Amino acid sequence: MAKSESSPGPVSPDPWAPILEELLDELEASADRIGLGTERGVLESLLDLEGGRQGDVALPVHRLAGPAGRAPPVLAADLAKSWSPSRSIESVSADGAFVNFRVVTARLARETLERVAARGARYGGQDGPGPTAIVEHTSANPTGPLHVGRVRNGIIGDTVARVARAMGESVTTQYYVDDLGRQSAMITWIWSKPADQWPTEIAAAAAVPEPPVRRDDVLYGRPYPFVSAYLKDHPDAQAELAALVQRIEEGHGPPLHRELVGKILAGMLATLARINVRFDTFVWESSLLTDGSVDSVLRRLNGLPSSITEENGARALDLGRYGLPKESSRVVYQRGDGTSLYLTRDVAYHLKKMRSADRVVDVLGQDHRLHARTLDAFFEELGEPRRPIFIIYQDILAHGGGRMSTRGGSAVWLDELLDDAVERARGEVRDRWESIDAAEADRIAEAVGTGAVRFHILRIAPEKPVAFDWEQALSFEGRSGPFVQYSYARAGSILRKSGASEFFVGYDPAHYTSEPEKALVRVIARLPRTLRVVLRTNHVQNVAGYAHDLADEFNRFYHAVPVLSADAERTSRLALVAAAHQTLGNVLDLMGIERLERM
RNA sequence: GGGCGCGUAGCCUAGUCUGGAUAGGGCACCGGGUUCCUAACCCGGCGGUCGAGGGUUCAAAUCCCUCCGCGCCCGCCA
């Protein structure tokens, strides 16, 4: 009953919010009239907002039918019949056990365009200050250039961060730089030897096909896979490496070490920057040793009742009660020689993150799944109330299946993929736009090519196993990044040619009477809800899905509804185009794909 | 062997958390569309035992059980 006697409060950034409130008010009243004492919360939870084929919102009444003592179709019909006309709901109809509500387009359009006009680049998101968040992603070992097997990490992480930021969270992205341990030490080990003292097996690195770009990550990462293989059957080298690892962990590593890690990392970051992936903070693993974080964790762990000392003095936690799929229920966190392990440092790192942010999100490959569970168990043991949120993705497999391997030649370098995509885009641009100058063509090609790659990876759920496919990765049609960019450019073109400078003045939402216009209004209106769901579920593929839906509806509208040549409706249609343009742009931003005014 | 993830048309994929109406898209294929705001587009068609089997339910792609296939992990590596 009670219409909101409370103050309206701040306007919701979601155009559907006030309409759904009204719908629920009326639904409650309608339920009352037919003697249903159903609570508003129940009704609300039953509403299907993506719902109706035959409307905008659907209410399945099965669950209400029993208590009401009537058959579902009867109840649905009764509810529909007792409906009183309202300004938001255009029609209410019963179909079987469903009641379908169709919203008055003009009302939805008004709520939507007002918000797009007022919020601009912030349309779709929410105002802060929200919680603080740390999103850690990529964090690949600095041992060589990135290949596409792991590029999902950065794209997922960066998109999650962008969405969280749009939703009002205060987000810091972090790259955890592994400068400790064997992997990066192998690089230093080999490069600290004069070239004429390299083992021949490693010097043979020169025979491997070269990645297309020559940068420090390529150059210094080159011997890595060969060092790795060489070590397997050279105990003397292993001993050298072990000594080096220990010196590094003790803080006495050669200056070359940090220098090489930094150079390789810079190369990897240059590649990531091409797809608009950048980081706010870099946390060097070694800093956790020097700032005492690891010692402090070690002390806490050693004091735990579940802490055990192994024969050689190593320390472990008995995690038997967690049912981890380990051969032993003991998980070692400190070596016999007193040094720490990756796991221990990661515990320290996460405790640090959880102290400084409300939400801690990690993007991890599926090979880290058990590691993530182990971390959780450690936090439980330590009495830490909070947990990181783990987003687990599957590595992209090589073309025929199987892991991408540098030595086996099945690895596809990310730069190589991007170069190919850009090259193909350049061809497309030239075909369509002959008068374009070279610099402009390059700029557009880079945006289109990299956008295609980023979208291609983003569109698939992270946990889905995928094998790399050049043809699909380089597609510029259909469900693709360029399609969204193209739609944005088309909308921009209309706005430009209109000669107008202000689009959200003098429009009349009652003009949106054709199906394409109604559909376009509805997709635009859907963005805030979509982003709320993505924030909660981390299903970043839905951002790409939404972008495609929006572009799709815009193109249908574009073909069916003339804008510039319209008379009475021109202003209103321009407003709708402007709203679509803004929204497409906002979604491109969320995906880290360049907006192009022309293409 | 154990644990976890994945399995939706020829190919790729959304939907699975929170069960609801004839399972949405895209590619490919077939047929149309450009004197008109960018054809990287639009319209139409073809194509589905949602891995298999059982169970729960008024209702299962979705929940439970069993099995099959693929992947990953089960280190005093990271």
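Keep in mind the model is a prediction, meaning the values are calculated, not measured.

The rules behind the values
Residues numbered from 1 in each chain as written. Chains lettered and ligands numbered in written order. Predicted model: local features only at pLDDT ≥ 70, side-chain atom pairs only at ≥ 80, totals over all residues. Heavy atoms only, no water. Domains from an automatic or database assignment. Salt bridge = Lys/Arg side-chain N within 4 Å of Asp/Glu carboxyl O. Helix = DSSP H or I, 4+ residues; strand = E, 2+ residues; numbered from the N terminus. Buried < 20%, exposed > 50% of the residue type's maximum accessible area, 1.4 Å probe, protein only. Contact = heavy atoms within 4.5 Å. Pairing = 2+ DSSP bridges. Axes fitted to C-alpha atoms, helices over the stretch in contact; angles between N-to-C directions. Phe/Tyr/Trp six-rings, centres within 6.5 Å; stacked < 30°, edge-to-face > 60°. pLDDT = per-residue confidence, 0-100. Near = heavy atom within 4 Å. Polar contact = N/O pair within 3.5 Å; in protein donor to acceptor, adjacent residues only side chain to side chain. Nonpolar A, V, L, I, M, F, W, Y, C, P; charged D, E, K, R; others polar.

Peer 1: Lay out the domain arrangement of chain A in plain terms, naming residues and giving numbers.
Peer 2: Domain boundaries in chain A define domain 1 (16-103), domain 2 (137-393) and domain 3 (414-590). Relative placement of domain 1 and domain 2: their C-alpha centres are 54 Å apart.

Peer 1: Residue-level account of the pattern of salt bridges, with values.
Peer 2: As enumerated under the stated definition, the model contains 47 salt bridges in all. In this structure, the salt-bridge partner of D549 is R526, at a minimum N-O distance of 2.9 Å. Here the residue D549 occupies a position in helix α22 (residues 541-560), and R526 occupies one in helix α21 (residues 515-537), the gap between them amounting to 23 residues. R556 is the partner of D552 in a salt bridge, and the nearest nitrogen-oxygen pair spans 3.1 Å. Of this pair, D552 and R556 both sit in helix α22, four residues apart, roughly one helical turn. The class of D552 is partly exposed, set by a relative accessible area of 24%. Within this structure, R215, D217, R274, D415, D419 and E446 form a network of salt bridges that share partners.

Peer 1: Lay out the environment of V103 with the relevant residues and their values.
Peer 2: You can see V103 is positioned in strand β3 (residues 98-103). For V103, a relative accessible area of 0% translates into the label buried. A C-alpha to C-alpha distance of 56 Å links V103 and I264, two positions 161 residues apart in sequence. Leaving out residues up to four positions away in the same chain, V103 has contacts with W16, I19, D56, S88, I89, E90, L108 and R522.

Peer 1: Which residues make up the sheet that holds strand β7 (residues 307-309), and what values go with them?
Peer 2: One open sheet holds the three strands; their spatial order is β7-β8-β9, and the pairing between them is antiparallel. The two strands at the open ends of the sheet, each matched to only one other strand, are β7 and β9 (330-334). Sheet twist, expressed as the mean angle between neighbouring strand axes with direction ignored, is 40°. The pairing of strand β8 (residues 315-318) with β9 spans four bridges and is classified as antiparallel. Looking across to β9, one finds that D318 is bridged to R330.

Peer 1: Describe the packing of aromatic side chains, with residues and values.
Peer 2: A full pass over the atoms with the stated rule returns 12 aromatic pairs. Taking 5.1 Å as the distance between ring centres and 80° as the angle between the ring planes, the aromatic pair formed by Y175 and F279 counts as edge-to-face. Here the residue Y175 occupies a position in strand β5 (residues 170-177), and F279 occupies one in the loop between α12 (255-274) and β6 (281-284), the gap between them amounting to 104 residues. Neither Y175 nor F279 differs from the other in exposure class; each is buried. Measuring from centroid to centroid gives 6.4 Å for Y333 and F378, while their planes differ by 85°, and the two rings are edge-to-face.

Peer 1: Before we move on, could you go through the confidence of the model for chain A and cite the residues and values that matter?
Peer 2: The pLDDT averaged across chain A works out to 93; a share of 97% of its residues lies at or above 70. Listed scores for the predicted complex are pTM 0.95 and ipTM 0.97.

Peer 1: How would you sum up the protein's contact with RNA strand B? Please name residues and give values.
Peer 2: Lining the immediate surroundings of RNA strand B are 76 residues, of which N312, R432, Y486, R536 and Y558 lie closest. The sugar and phosphate moieties of RNA strand B supply 64% of its atoms located within 4 Å of the protein. Within the side chain of Q366, an N or O atom sits 2.9 Å from a sugar or linking oxygen of RNA strand B. Note that a base nitrogen of RNA strand B is positioned 2.3 Å from one of the backbone N or O atoms of Y558. Where the surface near RNA strand B is concerned, the elements lending two or more residues are α3 (62-68), β3, α7 (181-191), α15 (342-356), α16 (369-381), α17 (414-432), α20 (481-498) and α22. Across the surface near RNA strand B, the residue classes tally to 27 nonpolar, 21 polar and 28 charged.

Peer 1: Residue-level account of the side chain of H350, with values.
Peer 2: With respect to the helices, strands and loops of the structure, H350 is situated in helix α15. Accessibility expressed as a relative area gives 0% for H350, which makes it buried. A distance of 2.8 Å separates a polar atom in the side chain of H350 from the backbone oxygen of D346. Setting aside its immediate chain neighbours within four residues, H350 contacts E136, V360, D362, L375, F379 and P388.

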